[in-house]
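Observations on chain architecture
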Amino acid sequence: MLPLSLLKTAQSHPMLVELKNGETYNGHLVSCDSWMNINLRDVICTSKDGDRFWRMPECYIRGSTIKYLRIPDEVIDMVKEDAQAKSRNRTEMNKNRGGNSSQNQRGGRPGGNRNNVGNRSGQGYGGPGNNPMRLGGGAGGQGNRLPHAPKNRK
């Protein structure tokens, strides 16, 4: 279960947020983004030492200041159920694809992997002279030759 999917599911549910500075915020989650910045509504803020309280209609909390979040168990159960349902759907989709050849299982081509170095067609490096990892270039006029290729000497 991913933290962001958990937060997306927790929208409109109550939660407790403790910040790195010790303050706590209790409220209902309105929204969150990929940086874990969150918006809460109907918030009660408690000071670090626990002796002062503030009531706010809404607040924004930067994700990098969050120490931890406390989310109701029902939300965690909902996320687990969603993950199980998705995995069941994936297995059913794979069963319905049909065929059991290695081509379907690996998602490959009938001729094998084109990027194999030992390919018989001579295109293991994208064809002669097209090596993307320029081996042996520079001085001596060797160009894009592979290290095992014979050199032309006069």
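Please read these numbers as outputs of a predicted model, since none were measured by experiment.

The secondary structure content of the chain amounts to three helices and five strands. The secondary structure elements of the chain, listed N-terminal to C-terminal, are α-β-β-β-β-β-α-α. The burial tally for the chain puts 21% of its 154 residues in the buried class. Taking as baseline every contact in the chain between residues at least 6 positions apart, the subset at least 24 positions apart corresponds to 36%. Put simply, the chain shows about 11,900 Å² of open surface, and 49% of that area lies on carbon and sulfur atoms.

Another aspect to go through is unusual backbone geometry. Positive phi is not limited to glycine here, since Met-36 has a value of about 65°. Relative to the elements of secondary structure, Met-36 occurs in the loop between strand 2 (24-32) and strand 3 (38-46). Notably, Asp-42 is not glycine yet its phi reads approximately 50°, a positive angle. Here Asp-42 is to be found in strand 3. The class for Asp-42 is partly exposed, based on a relative accessible area of 48%.

Now for the pattern of salt bridges. Considering all chains together, one arrives at two salt bridges under this definition. For Glu-18, the salt bridge is made with Lys-67, and the minimal N-O distance between the two is 3.7 Å. Note that Glu-18 is positioned in strand 1 (residues 14-19) and Lys-67 in strand 5 (residues 66-70), a separation of 49 residues in sequence. On the basis of relative accessibility, which here comes to 14%, the residue Glu-18 falls in the buried class. Using a relative accessible area of 52% as the deciding quantity, one classes Lys-67 as exposed. Across the pair Asp-42 and Arg-41 runs a salt bridge whose closest N-O atoms are separated by 3.0 Å. With a relative accessible area of 33%, Arg-41 lands in the partly exposed category.

Taken in spatial order, the five strands make up an open sheet running 4-3-2-1-5, and their pairing is antiparallel. In this open sheet, the two edge strands, each paired with only one partner strand, are strand 4 (53-61) and strand 5. Taking each pair of neighbouring strands and ignoring which way they run, the sheet shows an average axis angle of 30°.

For the structure on display, the rule yields zero disulfides. The closest cysteine sulfur to the non-disulfide-bonded Cys-59 is located on Cys-45, 7.6 Å from its own sulfur.

Residue-level pLDDT values for the chain average 77, and 62% of them are 70 or greater. Note that pLDDT drops below 50 for residues 121-125; the model gives that stretch 12 contacts with residues more than four away or on any other chain. Across residues 131-137, confidence stays below pLDDT 50; counting only partners more than four residues off in sequence or on other chains, it has 14 contacts.

Turning our attention to the nonpolar core. General note: in soluble globular proteins, nonpolar side chains tend to be found buried as a group. Counting 19 residues, the largest nonpolar core has Met-15, Val-17, Tyr-25, Ile-38, Leu-40 and Ile-61 as its most contacted members. For this core, the element with the highest residue contribution is strand 3, accounting for four residues. Setting aside residues up to four positions removed in sequence, Ile-61 forms contacts with Val-17, Leu-19, Tyr-25, Met-36, Asn-37, Ile-38, Leu-40 and Ile-66.

Calculation rules
- Residues numbered from 1 in each chain as written.
- Predicted model: local features only at pLDDT ≥ 70, side-chain atom pairs only at ≥ 80, totals over all residues.
- Heavy atoms only, no water.
- Helix = DSSP H or I, 4+ residues; strand = E, 2+ residues; numbered from the N terminus.
- Buried < 20%, exposed > 50% of the residue type's maximum accessible area, 1.4 Å probe, protein only.
- Contact = heavy atoms within 4.5 Å.
- Areas by Shrake-Rupley, 256 points an atom, 1.4 Å probe, with all protein chains shown as cover.
- Salt bridge = Lys/Arg side-chain N within 4 Å of Asp/Glu carboxyl O.
- Pairing = 2+ DSSP bridges.
- Axes fitted to C-alpha atoms, helices over the stretch in contact; angles between N-to-C directions.
- Disulfide = S-S within 2.5 Å.
- pLDDT = per-residue confidence, 0-100.
- Core = buried A, V, L, I, M, F, W, Y, C linked by side-chain atoms within 4.5 Å.

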